[in-house]
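# Geometric and topological summary
The lines below spell out each chain.
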Amino acid sequence: MDMKVKLWLLSCVLGGMAPHAYGQGEAEAVPPRSKMAGDYIIMNMQEYEGMVGLGNMRAMEMAVDGDSLSLSGFYMAQGLDGIKAGYSETNGSITIPSGTEILRAGNVTRVLYLWDEDAQEVNPRPITYEYLGNGTWGTEQSLMIMTGYVGGELSPGAYFANGSEIHRANAISANVSYYGTDVESQIRYDESRPSFVAVEGNRVSVYNLLQTDQYGYGCMMEGVMAEDETTVSFAPRPIGQSNDGTYKVLAGCGYDEAGNVPDGLANAGTAQEGYVEGRIDLEEGTLEFGRMAIWVASYGGTGLVIDSNTFFEFVAETKVTFEPGEVLPSSIASSPAADALAKEVERVEYYRMDGVRTAQPRQGELLVKRTVYADGTARSEKVLAR
């Protein structure tokens, strides 16, 4: 029988980003252009039901190109590399021209613009990431991806971001993972990527820990450090969705040595079910995670539910190395979407598109699902009846 567990989530990879006081940071020497080359993590916020939270993250490489910067990985794995950006050695701002092409697929193009929310139209002014200090740049501007055919008219496609931050990578995350359930035919992956580690009090956050899809998007994990400052307990974390509508959740697991596969959720039957234990050395700059799996999960009446017999990938080893003096307080907080998953559900209602409530949806019918929580708040979303 499938073992399932409800996830009472405090945050997820679609986690929130607390607002910065842009332009209000402490005075700090602006990095010279010659020192800007290197690896970075870009974190893009997106709006969800009127609130803004972290929508995605990925590694990005920056190179110096004469008086300009050249950005690779700014959009996604299939995006255009060598995006030109200006750089001010006076205030440290990074500027990208509004109207910059970020993807070309055949004769289809995607172009990035600064977006005027009030007028609902593009703004020709440059996109500006202000220097916030400590190797971090940010913008509160809304950025829109305009889509169309090369040489033709463009129309709004989707938000690139409702605010964005760029962090200089201060860590490397390396993992050994296995795909498949047959030990004889399993595929082993030895991978590594630039990451960003933040430590604030007893909270430890790792961004771009694993790559979660073919587009280069990464995930984060957030944990609480024990008083001995050597162990960190990481909560299970949603890290994306699949084409069939199910979710991907990264959580701790037991181990079947003979099959080299997960053997159920870690700490099954306890309040720490699915949690991952990490070992951290703040002086040496290392963080090692226990065994994890990327599990299949679905949305239940009160939150995400993991099917612990079905997984996408077994993450056998994960080690993060970082510069001990460069782990900085994080600006990331819980997201509205994650907070909703953690709330107690009072009831769920379904409405047809004409506004009529229904208790018997027809399979394949497009509906509005309204979830009412015990605290009096509600969330609405469009769903297909199954």
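Provided above is the structure to which this section pertains.
Residues numbered from 1 in each chain as written. Predicted model: local features only at pLDDT ≥ 70, side-chain atom pairs only at ≥ 80, totals over all residues. Heavy atoms only, no water.

## Section: the overall build of the protein
Along its length, the protein carries 1 helix and 29 strands. Considering the protein as a whole, with its 386 residues, one finds that 47% of them fall into the buried category. If you take every contact in the protein between residues at least 6 apart in sequence, the share linking residues at least 24 apart comes to 58%. In the structure as shown, the protein presents an accessible area of about 18700 Å², 47% of it carried by carbon and sulfur atoms. (Helix = DSSP H or I, 4+ residues; strand = E, 2+ residues; numbered from the N terminus. Buried < 20%, exposed > 50% of the residue type's maximum accessible area, 1.4 Å probe, protein only. Contact = heavy atoms within 4.5 Å. Areas by Shrake-Rupley, 256 points an atom, 1.4 Å probe, with all protein chains shown as cover.)

## Re the packing of aromatic side chains
By convention here, two paired aromatic rings are described through the distance between centres and the angle between planes. The tally for this structure, following the rule as stated, stands at 10 aromatic pairs. Their ring planes at 70 degrees and their centres at 6.0 Å tell us that Tyr 40 and Trp 137 sit as a pair that is edge-to-face. Of this pair, Tyr 40 sits in strand β3 (residues 38-48) while Trp 137 is found in strand β12 (residues 136-149), placing the two residues 97 residues apart along the sequence. Residue class for Tyr 40 comes out buried when judged on its relative accessible area of 0%. Seen in terms of ring centroids, Tyr 178 and Phe 314 are 6.3 Å apart; in terms of plane orientation they differ by 25 degrees. Their pairing is stacked. (Phe/Tyr/Trp six-rings, centres within 6.5 Å; stacked < 30°, edge-to-face > 60°.)

## Some words on the pairing of strand β6 (residues 83-87)
Every second residue of β6 is oriented toward a common face, the buried set being Ile 83, Ala 85 and Tyr 87 and the non-buried set Lys 84 and Gly 86. Of the strand pairs in this sheet, strand β5 (residues 68-72) and β6 are connected by 4 bridges, and their pairing is antiparallel. For Leu 71, the partnering residue across the bridge sits in β6 and is Ile 83. Note that β6 and strand β7 (residues 94-96) share 2 bridges and pair antiparallel. Bridge pairing in β7 links Gly 86 to Thr 95. Connecting the antiparallel pair β6 and β7 is a turn made up of 6 residues, with Gly 92 showing a positive phi of about 80 degrees. (Pairing = 2+ DSSP bridges.)

## Focus: the nonpolar core
Core analysis: the biggest nonpolar cluster contains 29 residues, and Leu 71, Phe 74, Ile 94, Tyr 129, Trp 137 and Phe 160 have the highest contact counts within it. One finds Leu 210, Cys 219, Ile 239 and Leu 287 within the second-largest nonpolar core, a separate group that totals 24 residues. (Core = buried A, V, L, I, M, F, W, Y, C linked by side-chain atoms within 4.5 Å.)

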